[in-house]
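As a plain string of letters, each chain reads:
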Amino acid sequence: VKLRKDGVERRQIHGGDYLALAKWTAQLRGAQLLRADLVDATDAYEHYLFEVLEREMEVRRQNRIERLLRQSRLPLEKDLASFDLKRLPRKLAQQVKTLLDGRFLDRRENILAFGNPGSGQTHLLCAIGHALVQRGNKVLFASCSLLVQELLVAKRDLKLPRYLKRMSRYDGLVIDEVGYIQQ
């Protein structure tokens, strides 16, 4: 392992590995993003391949985040950039910042947000959901009434275990409008 000038690790590539890597990089999605003018003539071929692989990893990470965002059903306009944290009391704003790291998911803790209608609970929870998706977590946003309806349909169709198994694959569920459920 060698270090680049900027401190990034680079692995040595040995003779016979060049052909295999060259064939493999031709199939990479991110390889087309690497332009020939970005490769300095003095760079060794292994450094060029390392750059291609770095870009491929980044493209795959971005594609995964885009897929997770689509699957999450989170409203796109309700993210942290569009939420005014200054509206919140300082203590609550600090709690929100600690929630953004997602460690509560590892501890299997629930987050509940209560307040008057229109005070921003949904926006805040969606913003936290967006931050979790950006970190690579699988999140699902659903209204409580829709979730209850889906559960009842799955129970009626005798597919409840399958539905619950599908729900258990998510790292976090953002359930909106819990207070509006009637028996």
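Residues numbered from 1 in each chain as written. Predicted model: local features only at pLDDT ≥ 70, side-chain atom pairs only at ≥ 80, totals over all residues. Heavy atoms only, no water.

(A) Structural view of the pattern of salt bridges. Applying the stated rule across the entire model yields six salt bridges. Residues glutamate 109 and arginine 107 are paired through a salt bridge, measuring 3.0 Å at the closest nitrogen-oxygen approach. Owing to a relative accessible area of 39%, glutamate 109 belongs among the partly exposed residues under this scheme. (Salt bridge = Lys/Arg side-chain N within 4 Å of Asp/Glu carboxyl O. Buried < 20%, exposed > 50% of the residue type's maximum accessible area, 1.4 Å probe, protein only.)

(B) Summary view of the nonpolar core. Core analysis: the biggest nonpolar cluster contains 21 residues, and Leu88, Phe104, Leu124, Ile128, Leu132 and Val133 have the highest contact counts within it. Only helix H2 (45–72), helix H3 (90–99), helix H4 (103–106), helix H5 (121–134) and strand E3 (139–143) provide two or more residues apiece to this core. If you tally residues by element for this core, the top one is H5, at seven residues. Setting aside anything within four residues of it in sequence, one finds leucine 124 in contact with Phe83, Leu88 and Val96. (Core = buried A, V, L, I, M, F, W, Y, C linked by side-chain atoms within 4.5 Å. Helix = DSSP H or I, 4+ residues; strand = E, 2+ residues; numbered from the N terminus. Contact = heavy atoms within 4.5 Å.)

(C) Layout of the packing of helix H6 (residues 144–156) against helix H7 (residues 160–168). The contact between H6 and H7 brings their axes to 7 Å, and the two run at 140°. On the basis of the axis angle, H6 is oblique to H7. Residue-level contacts link Leu147, Glu150, Leu151, Ala154 and Lys155 of H6 to Leu160, Tyr163, Leu164 and Met167 of H7. Here the residues of the contact of H6 with H7 are counted per class, giving seven nonpolar, no polar and two charged. (Axes fitted to C-alpha atoms, helices over the stretch in contact; angles between N-to-C directions. Parallel < 35°, antiparallel > 145°, perpendicular 65-115°, else oblique. Nonpolar A, V, L, I, M, F, W, Y, C, P; charged D, E, K, R; others polar.)

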